[in-house]
Amino acid sequence: MLFEMELWLSTTLVGMAFIAGLFSAIAGAGGMITLPLLLWAGLPPINAIATNKVQSTMGTMSSTLNFFRKKQLDFTHLKYGMCFALLGSLTGVWVLRQLGNDVLVSLLPVLLILAALYFLVSPTISDQQSKQRISHKRFNVVVGGGMGFYGGFFGPGMATFYALAYVSLLGYNAVKATAHTKPLVLVTNGSAALVFIITGDVIWDLAIAMAAAQIIGARLGSNMVLSHGAAIVRPALIVGSMAMAIKLLFFP
């Protein structure tokens, strides 16, 4: 599917996709940059969500591969979480196409503010591991499946919530939490994107251009996480959460 738009507008979208890829690799929330812009550019909502899923999936793949090459991922438990994320995502896409997301949009700002406040005051978000509070099995089912559903149904802030869960429930440090979030987001967005591809909802020329920019931004962002750790992850999570909440509260 093609969508006609002016050159300056498409160039702006591609440039913002680079920024979204950079920020998303560090703290998630890249979708809150690109999705509103796609809607502002005039894409119908379902096409905007579909195009955003495809281009963001490519950015997440870039950061995931970089973390994998740097040996930051342990798939011992992660592989089960990815399976539940896949099931949750496919269910979420189905519900999205049946219902809509008005209720979720109204709740999201509150959740994001709570997440930002947690990151702001929590002493556990650092480069050190902390106490694990639940088993990996329960985490994979509840968080993997639950956030997979949310990601397939809507998505903005998903990586932020995943990182919050890794830190608060499994005791991961900032770098480890950020790295392990990426495969789950990749499976969630990738499976949703596949459904949208099959249904023909993707604006391909725009998705490809934005995906290229996302890949570059995500590679740079993941390297910044590895270099600076909690010093960059924690502030980015706070700023990202608050920015998303403000946007949804005052600029719906």
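None of the values given here were measured: they were computed from a predicted structure.

## Regarding the overall build of the chain
- Each helix and strand counted, the chain has 10 helices and zero strands in total.
- For the chain, the succession of helices and strands along the chain, N to C, is α-α-α-α-α-α-α-α-α-α.
- Put simply, the chain has 252 residues, and 55% of those count as buried.
- Within the chain, counting contacts between residues at least 6 apart in sequence, those at least 24 apart form 84% of the total.
- Summed over all atoms, the accessible surface of the chain reaches about 11200 Å², with 71% contributed by carbon and sulfur.

## Overview of unusual backbone geometry
- Its identity as a non-glycine residue notwithstanding, Lys71 has a phi of 60°, on the positive side.
- By the secondary structure assignment, Lys71 is in the loop between helix H3 (45-69) and helix H4 (75-98).
- Judged by its relative accessible area of 73%, Lys71 is exposed.

## Structural notes on the side chain of Asn189
- Mapped onto the elements of the fold, Asn189 is located in helix H8 (residues 174-198).
- The residues touching Asn189, leaving out its near neighbours within four places in the chain, are Lys53, Ser56, Thr57, Gly151 and Met158.

## Things to note about the environment of Ser24
- Tracing the backbone shows Ser24 in helix H1 (residues 7-27).
- When the C-alpha atoms of Ser24 and Ser63 are compared, they prove to be 9.1 Å apart, with 39 residues separating the residues in sequence.

## Points about the packing of aromatic side chains
- This structure, assessed with the given rule, holds three aromatic pairs.
- Between the aromatic rings of Phe139 and Tyr166, the centroid separation amounts to 4.8 Å while the plane-to-plane angle is 40°, which identifies the pairing as tilted. In this pair, Phe139 is assigned in helix H6 (residues 136-153) and Tyr166 in helix H7 (residues 158-170), connecting sequence segments 27 residues apart.
- Put simply, the rings of Phe139, Tyr166 and Tyr172 touch in pairs and so form one group of aromatic residues.
- Taking the ring centre of Tyr172 as reference, the NZ or CZ of Lys176 above it sits at 4.3 Å.

## Observations concerning H6
- Between the first and last C-alpha of H6 there are 24 Å, a value that for 18 residues agrees with the 26 Å anticipated at 1.5 Å per step.
- Count one or two residues on from H6 and you reach Gly155, which has phi positive near 115°.

## Remarks on empty space enclosed by the protein
- With the rule as written, the count across this model stands at four cavities of 30 Å³ or more.
- The computed volume of the second largest cavity comes to approximately 60 Å³.
- In terms of lining, the second largest cavity is formed by Gly21, Ser24, Ala25, Ser56, Gly59, Thr60, Ser63, Lys182, Val185, Gln214 and Ala218.
- Elements supplying a minimum of two residues to the lining of the second largest cavity: H1, H3, H8 and helix H9 (204-228).

## A look at H8
- A rise of 1.5 Å per residue sets the reference length of H8, with its 25 residues, at 36 Å; its end C-alpha atoms lie 36 Å apart and thus fit the reference within 8%.
- For H8, the capping residue at the N-terminal end is Asn173, with a side-chain oxygen 2.8 Å from the backbone nitrogen of Lys176.
- Phi turns positive, to about 75°, at Gly200, one or two residues after H8.

## Some points on the packing of H6 against H8
- Packing of H6 against H8 brings their axes to within 9 Å, and their N-to-C directions diverge by 40°. With respect to H8, the axis of H6 lies oblique. Here H6 runs over H8; the crossing is right-handed. Where H6 approaches H8, its residues Met147, Gly148, Gly151 and Gly152 are matched on the opposing element by Thr188, Asn189 and Ala192.
- Considering only residue class, the contact of H6 with H8 consists of two nonpolar, five polar and no charged.

Rules of the game
Chains are numbered independently. Their residues run from 1 in the order of the written sequence. Per-residue local features of the predicted model are confined to residues with pLDDT of at least 70, and side-chain atom pairs are confined, for both listing and counting, to 80 or more; whole-chain, interface and lining totals are unaffected and use all residues. No hydrogens and no water enter the side-chain calculation; it runs on all heavy atoms of the structure. Helix numbers and strand numbers start at the N terminus; a helix is a DSSP run of H or I with at least 4 residues, a strand a run of E with at least 2. Burial here depends on accessible area, computed with a 1.4 Å probe over protein chains only, as a share of the maximum for the residue type. Under 20% is buried, over 50% is exposed, and the range in between is partly exposed. Any pair of residues with heavy atoms lying within 4.5 Å of one another is described as a contacting pair. In short, Shrake-Rupley with a 1.4 Å probe defines the accessible areas, and a residue's cover is counted only from the protein chains shown. Pairing of aromatic rings covers Phe, Tyr and the six-membered ring of Trp, with a centre-to-centre limit of 6.5 Å; geometry is then stacked below 30 degrees between planes, edge-to-face above 60, and tilted otherwise. We call a charge positioned over a ring when the NZ of a Lys or the CZ of an Arg lies within 6 Å of the ring centre and within 35 degrees of the ring normal. Take the residue count of a helix, subtract one, and multiply by 1.5 Å to get its expected span. Put plainly, a pocket is an open set of points on a 1 Å grid over the protein atoms alone with protein on both sides within 12 Å along at least five of seven lines, a cavity is a set where a 1.4 Å probe fits but cannot get out, and a lining residue has an atom within 4 Å of a point. Grid points are joined across faces, edges and corners, and a volume is the space filled by probe spheres set on the points. By the criterion applied in these results, polar contacts are pairs of N or O atoms within 3.5 Å in which, for protein atoms, one can donate a hydrogen and the other can accept it, and in which residues neighboring in sequence qualify only through two side-chain atoms. Angular values range over 0 to 180 degrees, each being the angle between N-to-C directions of two axes fitted as lines to C-alpha atoms, with helices fitted over their stretch in contact. For this classification, under 35 degrees means roughly parallel, over 145 means roughly antiparallel, 65 to 115 means roughly perpendicular, and everything else is oblique. Note on convention: the crossing is left-handed when the near helix lies turned anticlockwise from the far helix by less than a right angle, right-handed when the turn is clockwise. Polar here means any residue outside two lists: the nonpolar Ala, Val, Leu, Ile, Met, Phe, Trp, Tyr, Cys and Pro, and the charged Asp, Glu, Lys and Arg; Gly therefore counts as polar.

Spatial relationships are all this shows, so hold off on functional conclusions.
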